[in-house]
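Remarks on the overall topology
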Amino acid sequence: MSEQANDAQTCVIIGASHAGVNLAFNLRIAGWAGDILLFDADPELPYHRPPLSKAYLASDDGLDSHRLKSADSYVQQQITLRLGVKVSKIDPDQKVITLNDDSVQSYDKLVLATGARPLIPPIPGLDAANNCFPLRTAADVENIREAITPAGGKNVVIIGGGYIGLETAASMKKLGANVTVLEREDRVLARVTAPVMSDFFTCLHKDNGVTIAIRKNVSAIESEGSTNLVRCADGSEYPADLIVVGVGIRVNTELAEAAGLKVHNGIQIDATMKTSTDDIYAIGDCTFHHNPHYDRWVRLESVQNAVDQAKVAAKAICGEVVVYDAIPWFWSDQYDVKLQMVGLSEGYDEVVVRHEIGEGHKFSAWYFKGDTLLAVDAVNNAKAYVIGTRFIKSGDLINKGKLADLGVGLKPATLG
Ligand SMILES: Cc1cc2nc3c(=O)[nH]c(=O)nc-3n(C[C@H](O)[C@H](O)[C@H](O)COP(=O)(O)OP(=O)(O)OC[C@H]3O[C@@H](n4cnc5c(N)ncnc54)[C@H](O)[C@@H]3O)c2cc1C
């Protein structure tokens, strides 16, 4: 579509986080000359979410160090930000959305970048617990900080041993709290990594003084004065001045469903990010899409996916022929450990682990299905991450024997 063709049109974006904000700026790059309206229920100038459980939680840095874009840059790009405004309805026939004050806004193109919200498990007593918070927004971090300052000697219980739970544990420990992670499965990170990675992160946290308790199904929370007692189904109990709930997310698909869009484990989109309804696109955590590399439908929770889908949607909206075929990647920071992951490990039947000699916490886990490399988890090892990405993208076969042989250098030429 030429600039002349869209300069009188309006693109409305619901959700101003990683996906929505990147889309707005990429629309300008792709040649959208019309209006861009960006709505978000969160009143804060949009910010990066990953630091919420890492640097932002563990330091006194203000949120301004973590903004996605400066306030000025929205003005410069003529992007209208409407913050603290919830969209309550989409009417695809009339091409209008309704806002929470009952006003309406018309659109020519609409993009859902509504992401996800924390899953709150139905644990008796959780609603009434003192200082009990999820961790998804800047406001959640403010609540946590307020409840835990000063942190020294306070008991923090984190429900859920996934990435957010473990990163929060590391940050809380840094602040001086006594930290316990309660995980229902028999290992942390069970849903996303191999046992070798779970063992590594369990030891890392224990070495840093965090208690990791597995097979702990939280069955009730009792509030006592200003504190709590977290009870587990096996009879164990943990005192908690602060409880952080990190057991997963629920995708924000209600708007899409009510508007008749196809939804199944997220808003279904095609390779151009278009939904089942004309002129409506969806991007980021809220989507369910087909990954051509792995030939399966996936719902991803990552900044990479939000940013890359935003780029594709911007081009598609402006009329370019484009498809989304990215290899997923993700990262996590805990203490001095940087974990980088590339690919999707689900369905693996073998893991080759390679510890680099004499380099402390520096190793990588390579997930194979037969001879096909599916994914790599690289701990403090950017080289393994880069080389793994290259092999996954190209589909070239890796000699597993050479990969496991520390006498063979970690180089594409020697691993083939
Ligand atoms: C603590 C934490 C740490 C993380 N760490 C990492 C990491 O290290 N690496 C990584 O890759 N990913 C990480 N993630 C995941 C990453 O932040 C998400 O994948 C990313 O935020 C997805 O972006 P999004 O724009 O799709 O959705 P979201 O960030 O969920 O944003 C959706 C936005 O839509 C708004 N919205 C929803 N419905 C409406 C409505 N009806 N009206 C108006 N506004 C609405 C919401 O207010 C929200 O701001 C982390 C997430 C969290 C919470």
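For clarity, every value in this text was computed on a predicted model and none was experimentally measured. (Residues numbered from 1 in each chain as written. Predicted model: local features only at pLDDT ≥ 70, side-chain atom pairs only at ≥ 80, totals over all residues. Heavy atoms only, no water.)

**Some details on the pairing of strand 22 (residues 329-334)**
Applicable threshold: At least two DSSP bridges between two strands are required for those strands to pair. Counting from the N terminus, the helices are DSSP H or I runs at least four residues long and the strands are E runs at least two residues long.
Relative to strand 23 (residues 337-343), strand 22 is paired through six bridges, and the arrangement is antiparallel. The residue bridging tryptophan 329 from the neighbouring strand is valine 342, located in strand 23. Connecting strand 22 to the next strand, strand 23, in antiparallel fashion are two residues, including tyrosine 335 with a positive phi near 55°.

**A look at the pattern of salt bridges**
One side chain can pair with another of opposite charge once the charged atoms of both are near each other. Using the following cut-off: Salt bridge, as used here, is a side-chain nitrogen of Lys or Arg placed within 4 Å of a carboxyl oxygen of Asp or Glu. Only protein chains enter the accessibility calculation, which uses a 1.4 Å probe; a residue whose area is less than 20% of its type maximum is buried, one above 50% is exposed, and one in between is partly exposed.
Inspection of every chain in the model, using the stated rule, returns 19 salt bridges. Measuring nitrogen to oxygen at the nearest pair gives 2.7 Å for the salt bridge that ties arginine 117 to glutamate 254. Of the two residues, arginine 117 is situated in strand 8 (residues 116-118) and glutamate 254 in helix 8 (residues 254-258); the sequence distance between them amounts to 137 residues. With relative accessibility at 38%, the residue glutamate 254 sits in the partly exposed group.

**Comments concerning the sheet that holds strand 25 (residues 363-369)**
Put simply, the test is: A fitted line through C-alpha atoms represents every axis, and for helices the fit uses only the stretch in contact; the resulting angles, taken between N-to-C directions, go from 0 to 180 degrees.
One open sheet holds the five strands; their spatial order is 22-23-26-25-24, and the pairing between them is antiparallel. Both outer strands of the open sheet, strand 22 and strand 24 (350-355), are each paired with one neighbouring strand and no more. Taken over all neighbouring pairs, the strand axes of this sheet differ in orientation by 15° on average, direction set aside. Looking at chain direction, strand 23 and strand 26 (residues 372-379) are connected through five bridges and run antiparallel. Opposite glycine 343, over in strand 26, you have alanine 375 as the bridge partner.

**Remarks on the site of the ligand**
What counts, and what does not: When at least one non-hydrogen atom of a residue lies within 4 Å of a molecule or strand, that residue is treated as near it. Side-chain atoms alone can form a polar contact between residues adjacent in sequence; in general such a contact is a pair of N or O atoms within 3.5 Å, and within protein one must be able to donate a hydrogen while the other accepts it. Where accessible areas are quoted, they stem from the Shrake-Rupley method and a 1.4 Å probe; at the residue level, only the protein chains shown are allowed to cover.
Every one of the 31 residues lining the ligand counts as a neighbour, but Ser17, Asp40, Arg49, Lys54 and Arg136 are closest to it. In this structure, an oxygen atom belonging to the ligand sits 2.7 Å away from a side-chain N or O atom of serine 17. Interatomic distance of 3.3 Å between a backbone N/O atom of alanine 116 and an oxygen atom of the ligand. Protein chains shield 94% of the accessible area of the ligand, which is 1000 Å² for the free molecule.

**Description of the environment of proline 43**
Short version of the rule: We call two residues contacting when some pair of their heavy atoms lies within 4.5 Å.
When you line up the elements, proline 43 lands in the loop between strand 2 (35-40) and helix 3 (55-58). In this structure, the C-alpha to C-alpha distance between proline 43 and glycine 84, residues 41 residues apart in sequence, is 4.0 Å. Sequence-distant contacts of proline 43, that is, excluding residues within four places in its chain, are made with Leu83 and Gly84.

**Remarks on the packing of aromatic side chains**
Counted only if it meets this: Any pair of Phe, Tyr and Trp rings, taking the six-membered ring for Trp, is counted once the centres come within 6.5 Å. Such a pair is stacked with planes under 30 degrees apart, edge-to-face with planes over 60 apart, and tilted for the rest.
Summed over the entire model, instances satisfying the criterion amount to seven aromatic pairs. Relative to tryptophan 297, the ring of phenylalanine 288 has its centre 5.5 Å away and its plane inclined at 35°; by these criteria the two rings are tilted. Overall, the relative accessible area of 9% leaves phenylalanine 288 in the buried class. A ring pair is formed by tryptophan 329 and tryptophan 331, whose centres lie 6.2 Å apart and whose planes are at 40°; its orientation type is tilted.

**Side note on the sheet that holds strand 2**
Strand order in the open sheet formed by five strands is 3-2-1-7-19, with parallel pairing between adjacent strands. For this open sheet the edge positions go to strand 3 (79-83) and strand 19 (280-282), each flanked by a neighbour on one side alone. Across the sheet, the mean angle from the axis of one strand to that of its neighbour is 20°, orientation sign disregarded. Pairing of strand 1 (residues 10-14) with strand 2, which is carried by five bridges, proceeds in the parallel orientation. Bridge pairing in strand 2 places isoleucine 13 opposite leucine 38.

**What to know about the domain arrangement of the protein**
To keep things clear, this is the line we draw: The split of the chain into domains comes from an automatic or database domain assignment. A simple way to read buried area is as the amount of 1.4 Å-probe accessible surface that goes missing from two parts once joined, with both sides added. Amino acids outside the nonpolar list (Ala, Val, Leu, Ile, Met, Phe, Trp, Tyr, Cys, Pro) and the charged list (Asp, Glu, Lys, Arg) are all regarded as polar, and Gly is one of them.
The domain boundaries assigned to the protein delineate domain 1 (3-116 + 250-317), domain 2 (126-247) and domain 3 (336-415). Taken residue by residue, the interface counts ten residues in domain 2 and 13 residues in domain 3. Between domain 2 and domain 3, the buried area comes to about 870 Å², and carbon and sulfur atoms account for 80% of it. For domain 2, the biggest contributors to the area lost against domain 3 are Val196, Met197 and Phe200; these three give 48% of the whole. Inspection of the domain 2/domain 3 interface yields zero salt bridges. For the interface between domain 2 and domain 3, the tally reads one residue pair in polar contact (both at pLDDT 80 or more). A class-by-class count of the residues in the side of domain 2 that touches domain 3 yields nine nonpolar, one polar and no charged.

**Focus: the nonpolar core**
Rules: Here the nonpolar core consists of buried residues drawn from Ala, Val, Leu, Ile, Met, Phe, Trp, Tyr and Cys, with membership extended through side-chain atoms lying within 4.5 Å.
Phe201, Leu242 and Trp366 are the most contacted members of the largest nonpolar core, which totals 64 residues. Per-element accounting of this core gives the leading share, six residues, to strand 26.

**Quick word on helix 2 (residues 18-30)**
As a reminder, the rule being used: An expected span of 1.5 Å times one less than the residue number is assigned to each helix.
Compared with an ideal rise of 1.5 Å per residue, which puts 13 residues at 18 Å, helix 2 spans 18 Å between its outermost C-alpha atoms and is within 8% of the ideal. Three or more residues of helix 2 are buried, namely His18, Ala19, Gly20, Val21, Asn22, Leu23, Ala24, Phe25, Asn26, Leu27 and Arg28. Buried residues belonging to helix 2 abut strand 1, strand 2, helix 4 (71-76), strand 3, strand 7 (109-112) and helix 9 (303-317). One or two positions beyond helix 2, positive phi appears at glycine 31, with a value near 105°.

**Digging into the side chain of glutamine 309**
Summarising the element assignment, glutamine 309 is placed in helix 9. At a separation of 3.2 Å, a polar atom in the side chain of glutamine 309 contacts the side chain of threonine 287. Look past the residues within four positions of glutamine 309 in its chain and what remains in contact with it is Ile269, Met273, Ile283, Gly284, Thr287, His289 and Tyr324.

**What about unusual backbone geometry?**
In the segment running from threonine 149 into proline 150, the intervening peptide bond is cis, with an omega of -5°. Here the phi dihedral of asparagine 380 falls at roughly 50°; this positive angle occurs in a residue that is not glycine.

**What to know about the state of the cysteines**
Formally: Disulfides are defined as pairs of cysteine sulfur atoms found within 2.5 Å of each other.
In total, this model carries zero disulfides according to the counting rule given. Cysteine cysteine 132 shares no disulfide, and the gap to the nearest cysteine sulfur, in cysteine 232, comes to 14 Å. Given a relative accessible area of 19%, cysteine 132 falls into the buried group.

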